[in-house]
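Coordinates in review
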Amino acid sequence: MDDQELDRLIERVHRCDPEIGMALIAAVAEFRRPMRVQITGREGTGRTTVATALGLPEIVETDPVDSPDFAEPELDGDVVVYVLAAGVTDADREALRSVPAGHAMAVLNKADAVRGDCPSVLTAANEATKVLGVRTLPLVATLAVQATASGVTTTELGVLRALASADRPTLTLSPDLFVAADAPSDAGSRRALLERWELFGVTAALAALQRNPQLSGRAVTQILNAASGIDAVRTAMSTRLRRAASLRGGRFLDTVERLAARALGSGARDELEGFLRSAAAAQIGLEAAWASPSIEGVVADHALAVPADAAQALQLARWWRNYAGGDVGAPGRRAALAIHHGYVRAWSSLGQHG
Ligand SMILES: Nc1nc2c(ncn2[C@@H]2O[C@H](COP(=O)(O)OP(=O)(O)OP(=O)(O)O)[C@@H](O)[C@H]2O)c(=O)[nH]1
Ligand SMILES: [Mg+2]
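Worth saying up front: this structure is predicted, and the values here are computed from it rather than measured.

Counting secondary structure elements, the chain contains 16 helices and five strands. Against the 2.2 N^0.38 benchmark of 20 Å for 354 residues, the chain shows a C-alpha radius of gyration of 26 Å, more extended than a compact globule. Taking the principal axes of its C-alpha atoms as reference, the chain extends roughly 85 × 55 × 40 Å. In the chain, the proportion of contacts linking residues at least 24 apart, taken out of those at least 6 apart, comes to 67%. Summing over all exposed atoms, the chain offers an accessible surface of approximately 18100 Å²; the carbon and sulfur share of this is 55%. The average position of the 36 basic charges and that of the 42 acidic charges among the side chains of the chain differ by 5 Å.

Written as structure tokens, this is what we have:
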């Protein structure tokens, strides 16, 4: 939205009604303030490492949850990243219950320590999603940090290739076996590999090199990055941030509505109501409805669809009206009808101009 539009609104409202003007200034400041991301969870679950792996400057680590040494942290960030390791406890559940719907995501960190293979890690993450009611993604934060900070070196690639070609299935059963095994390369360079990539990373690299011994160091680094799970976590993070911004827009419109009702003279009220009827406000309302937690299952990770022409707008409007008519509960119906209205509005303006 055009920032100057809001600044001009503030000026006009302030001229009519200084008190409402001041309240509007505060509401606009809240609407525009930078996003705040909190990273939280119990002690030692890997919160600092996950924050480093995400590499977001605005991320803040809270005091740990469920610790005898700290008061429970207030989880009021625009996005709250909850880090789990191993299982879900009652304290985790309780802490997440305090986060407003639509603002939390969870990471099942130390996925390399989950006994078993990749499917059992996914099962564990899905279990946590079900138990917590918050989408939970598996992650090996240490590997993500390492693969982002520095790639597999030429020396490491040489050792990994030699080990991969030896094809010893028992090699990666444990760190001790890996160092002690009778295999190409010396124990020192294998220990160095473990120090940087740990057994999980080494195992993933060897599997990749067994399938394709020609892989470059850069390609192996990319495979390690993928194996860490960080890409999915980053994607979920940006979805959450986008939604948090949209939900904040919805709260801003609610505040403006309240201010319009409170305004004494008709001048300020007319200005505020004019804004609420504007295309900019309609867009904010549409995005807020799209981000509504009640329809998250339908919308999933999709961004708000912008119709290319009137026909498409009409099709989208119909789809959402139809959805609103189903058995979707009151909040779901409200969000769906708001989206329907938004597309009807888009249809009418696209019809006029195109
Ligand atoms: N195996 C494994 N270890 C990890 C992973 N992520 C973090 N760790 C290790 O877990 C330990 C704690 O990590 P931190 O990032 O300091 O965890 P934290 O939650 O910030 O810890 P506190 O702030 O001290 O409560 C460190 O030894 C990390 O190296 C992971 O994905 N896998
Ligand atoms: Mg920490």
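Now that the structure has been shown, the text picks up again.
For the rest of this paragraph, the subject is the domain arrangement of the chain. The assigned domain composition of the chain is domain 1 (37–139), domain 2 (144–228) and domain 3 (307–354). In this structure, domain 1 and domain 2 have C-alpha centres spaced 29 Å apart. Listed as interface residues are six residues of domain 1 and, on the opposing side, five residues of domain 2. Both faces combined, the contact of domain 1 with domain 2 buries some 400 Å², and carbon together with sulfur accounts for 73% of it. Linking domain 1 with domain 2 are zero salt bridges.

Perfect tetrahedral coordination of a metal by four donors corresponds to 109.5 degrees between them, and perfect octahedral coordination by six donors corresponds to 90 or 180 degrees. Within the protein, the atoms that donate to the magnesium ion (ligand 2) are T48 (OG1) and E61 (OE), at distances of 2.1 to 2.2 Å. Here the residue T48 occupies a position in helix 3 (residues 47–54), and E61 occupies one in strand 2 (residues 59–61), the gap between them amounting to 13 residues. By relative accessible area, E61 is classed as partly exposed at 37%.

Turning our eyes to something else, we now look at the packing of aromatic side chains. One pair of aromatic rings is described through two measures. These are the centre distance and the angle between the planes. Within the structure shown, the criterion is met by six aromatic pairs. Between W290 and W320, the ring centres sit 5.7 Å apart and the planes meet at 65 degrees, which makes this aromatic pair edge-to-face. Of this pair, W290 sits in helix 13 (residues 279–290) while W320 sits in helix 15 (residues 310–324), and the two are 30 residues apart along the sequence. Judged by its relative accessible area of 4%, W320 is buried. The interplanar angle of 10 degrees and the centroid separation of 5.6 Å between the aromatic rings of W319 and Y323 together place this pair among those described as stacked. Note that W319 and Y323 are positioned in helix 15 at a spacing of four residues, about one turn of the helix. Taken together, the ring pairs connect W290, W319, W320 and Y323 into an aromatic cluster.

What counts and what doesn't
Residues numbered from 1 in each chain as written. Chains lettered and ligands numbered in written order. Predicted model: local features only at pLDDT ≥ 70, side-chain atom pairs only at ≥ 80, totals over all residues. Heavy atoms only, no water. Helix = DSSP H or I, 4+ residues; strand = E, 2+ residues; numbered from the N terminus. Rg over C-alpha atoms; globule rule 2.2 N^0.38 Å. Contact = heavy atoms within 4.5 Å. Areas by Shrake-Rupley, 256 points an atom, 1.4 Å probe, with all protein chains shown as cover. Lys, Arg positive; Asp, Glu negative; His and termini not counted. Charge placed at Lys NZ, Arg CZ, Asp CG, Glu CD. Domains from an automatic or database assignment. Buried area = accessible area lost by both parts, 1.4 Å probe. Salt bridge = Lys/Arg side-chain N within 4 Å of Asp/Glu carboxyl O. Donors = N, O, S within 2.8 Å, 3.2 Å for Na, K, Ca; no water. Buried < 20%, exposed > 50% of the residue type's maximum accessible area, 1.4 Å probe, protein only. Phe/Tyr/Trp six-rings, centres within 6.5 Å; stacked < 30°, edge-to-face > 60°.

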